[in-house]
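Spelled out from the first residue to the last, the chains are:
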Amino acid sequence: MQRGNLDDLLAFVAVGRERSFTKAAAKLGVSQSALSHTIRELEERLGVRLLTRTTRSVAPTEAGERLLRTVAPRFEEIEAELDAVSELREKPAGTIRITATDYAADTILWPKLTKFLRQYPDIKVEVIIDYGLTDIVAQRFDAGVRAGEQVAKDMIAVRIGPDMRMAVVGAPSYFRKRSEPKRPQDLIGHSCINLRLPTLGGLYAWEFEKGDRELRVRVEGQLVFNGTFQMLNAALAGFGLAYVPEDLAQPHFARGRLKRVLEDWCPPYAGYHLYYPSRRQSSAAFSLLVDALRHRG
């Protein structure tokens, strides 16, 4: 195969994966016009249309989907072999992509990564903040971070954090105007700060448990965020009740800036885990990172 044909196929795979000429061009380091020209030449050479283009989207045709399914895994195998060969270097190297929530990234990943990255300067780590329960295989992440009960059964899960508890909190200024909820159902009458989940664009239902009873409460309020720290700041400002990790709110309890309610409905649960596909070929760099993140408490 000529080198030009290989480059054209790489360009097609990039567009097919990203479903966007803009994103694919940025990833390949070329202009959109050059990338579009490359794809047109490939289609003309093959005599078949590979992509359907509109002003808003790009999608593979039936022929394009077939080529993508066939060719993309081959390139992934080549990339994996090149990574494996690079591991023969004296120093571990490579790029590792991880998806996590902002809270997990700040409290679990970052404290451990600071030491790890200084120890292995040739290893690069990319952390993408996401609450959407991302399909790490489809999005080409090496690993993700989730609470233990959210990890799919077909994944390898490595515990990287201690048990956690959630807390329903509000500022004293809020409780001067509202009575404290005694049961999760009482939250219906309160102004609550919601968390938007990218999955289906829905709002997170607050989860409670006491004994053998489990409840999910859909709350309402004036504010919606897609990040934990913003919810905490809104609660501190007196805009309503927030449902946040206990240790994030803990420093504010002693100072009297936040008050906790429904504590007996928030038992501990499995902490954060790093998860990745069982079929993933572990490079030396990835194995070192997993070991560095592993919880030893």
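Scroll up to find the structure this text is about.
What comes next is a walk through the structure. On a predicted model such as this, the values are computed, not experimentally measured, just so you know. (Residues numbered from 1 in each chain as written. Predicted model: local features only at pLDDT ≥ 70, side-chain atom pairs only at ≥ 80, totals over all residues. Heavy atoms only, no water.)

Looking at the pairing of strand 3 (residues 94–100)
In the case of a regular strand, side chains alternate between the two sheet surfaces. Examined bridge by bridge, strand 3 and strand 4 (residues 123–129) share seven bridges and lie parallel to one another. Bridged to Ala-100 within strand 4 is Ile-129. As for the winding sense of the linkage, the β-α-β connection from strand 3 through helix 5 (residues 102–119) to strand 4 is right-handed. (Pairing = 2+ DSSP bridges. Helix = DSSP H or I, 4+ residues; strand = E, 2+ residues; numbered from the N terminus. Right-handed = clockwise from strand over helix to strand, strands pointing away.)

Side note on the sheet that holds strand 4
What the five strands build is an open sheet, ordered 4-3-5-14-6; its pairing is mixed. Only two strands of the sheet have a single partner each, and these edge strands are strand 4 and strand 6 (155–159). When strand polarity is set aside, the average angle formed by the axes of neighbouring strands in this sheet is 30°. As judged from the four bridges shared by strand 5 (residues 143–147) and strand 14 (residues 272–277), these two strands associate in the antiparallel manner. If you follow Val-145 over to strand 14, its bridge partner there is Leu-274. Lying over the sheet, helix 5 contacts strand 3, strand 4, strand 5 and strand 14, oriented at roughly 170° with respect to strand 4. (Axes fitted to C-alpha atoms, helices over the stretch in contact; angles between N-to-C directions. Contact = heavy atoms within 4.5 Å.)

Some points on the side chain of Asp-8
With respect to the secondary-structure elements, Asp-8 resides in helix 1 (residues 3–18). Discounting chain neighbours no more than four positions away, the residues touching Asp-8 are Thr-38, Leu-42 and Arg-45.

Examining the nonpolar core
For soluble globular proteins, nonpolar side chains are generally found buried alongside one another. Leu-109, Val-145, Val-168, Val-169, Leu-187, Trp-206 and Phe-208 are the most contacted members of the largest nonpolar core, which has 58 residues in total. For this core, the leading source of residues is helix 5, giving seven residues. Leave out the neighbours within four places in its chain, and Val-169 touches Ala-235, Gly-240, Leu-241, Ala-242, Val-244, Ala-249, Phe-253, Leu-258, Lys-259 and Arg-260. Within the second largest apolar cluster, 19 residues are counted, among which are Val-13, Phe-21, Leu-35 and Leu-51. (Core = buried A, V, L, I, M, F, W, Y, C linked by side-chain atoms within 4.5 Å. Buried < 20%, exposed > 50% of the residue type's maximum accessible area, 1.4 Å probe, protein only.)

A closer look at the packing of aromatic side chains
Scanning all chains against the criterion turns up seven aromatic pairs. For the pair Tyr-103 and Tyr-272, a centre-to-centre distance of 6.1 Å together with 45° between the ring planes defines the contact as tilted. Pair noted here: Tyr-103 is in helix 5 and Tyr-272 is in strand 14, with a separation of 169 residues, a long-range link. For the pair Tyr-103 and Tyr-272, a shared accessibility class is recorded, and that class is buried. Both rings, one in Phe-116 and one in Tyr-120, keep their centres 5.2 Å apart while their planes meet at 50°; by these two values the pair is tilted. Here Phe-116 and Tyr-120 have matching classes, each one buried. In this structure, Arg-97 packs its charged tip against the face of Phe-141, placed 4.3 Å from the ring centre. (Phe/Tyr/Trp six-rings, centres within 6.5 Å; stacked < 30°, edge-to-face > 60°. Lys NZ or Arg CZ within 6 Å of the ring centre and 35° of its normal.)

Focus on the environment of Glu-65
Mapped onto the elements of the fold, Glu-65 is located in helix 4 (residues 62–86). Separated by 49 residues in sequence, Glu-65 and Gly-16 place their C-alpha atoms 8.1 Å apart. Discounting chain neighbours no more than four positions away, the residues touching Glu-65 are Arg-19 and Pro-60.

Remarks on the sheet that holds strand 12 (residues 242–245)
Read from one edge of the open sheet, three strands run 12-7-13, paired in antiparallel fashion. Across the chains shown, the open sheet's two edge strands, defined by having one partner strand only, are strand 12 and strand 13 (259–261). Averaged over all pairs of adjacent strands, the angle between strand axes in this sheet comes to 50°, irrespective of strand direction. Lying over the sheet, helix 7 (residues 228–236) contacts strand 7 (166–170) and strand 12, oriented at roughly 130° with respect to strand 12.

Quick look at the environment of Trp-206
Residue placement: Trp-206 occurs in strand 9 (residues 206–210). In this structure, the C-alpha to C-alpha distance between Trp-206 and Ser-33, residues 173 residues apart in sequence, is 47 Å. Beyond its immediate chain neighbours, meaning those up to four positions away, Trp-206 contacts Val-168, Leu-187, Cys-192, Ile-193, Asn-194, Leu-215, Arg-216, Val-217, Val-219, Leu-241, Ala-242 and Tyr-243.

Points about the state of the cysteines
A full pass over the atoms with the stated rule returns zero disulfides. This cysteine, Cys-192, is not joined by any disulfide, and Cys-266 carries the nearest cysteine sulfur, 12 Å off. (Disulfide = S-S within 2.5 Å.)

Points about the pattern of salt bridges
Two side chains carrying opposite charge are able to pair once their charged atoms lie near each other. One pass over the full model with this rule turns up 16 salt bridges. Taking the shortest distance from any N to any O, the salt bridge between Glu-18 and Lys-27 comes out at 2.6 Å. In this structure Glu-18 comes out as partly exposed when scored by relative accessible area, which is 24%. Salt-bridge contacts for Asp-186 lead to Arg-183; the nearest nitrogen and oxygen are separated by 3.4 Å. One network of salt bridges, with partners in common, ties together Arg-165, Glu-246, Arg-260 and Glu-263. (Salt bridge = Lys/Arg side-chain N within 4 Å of Asp/Glu carboxyl O.)

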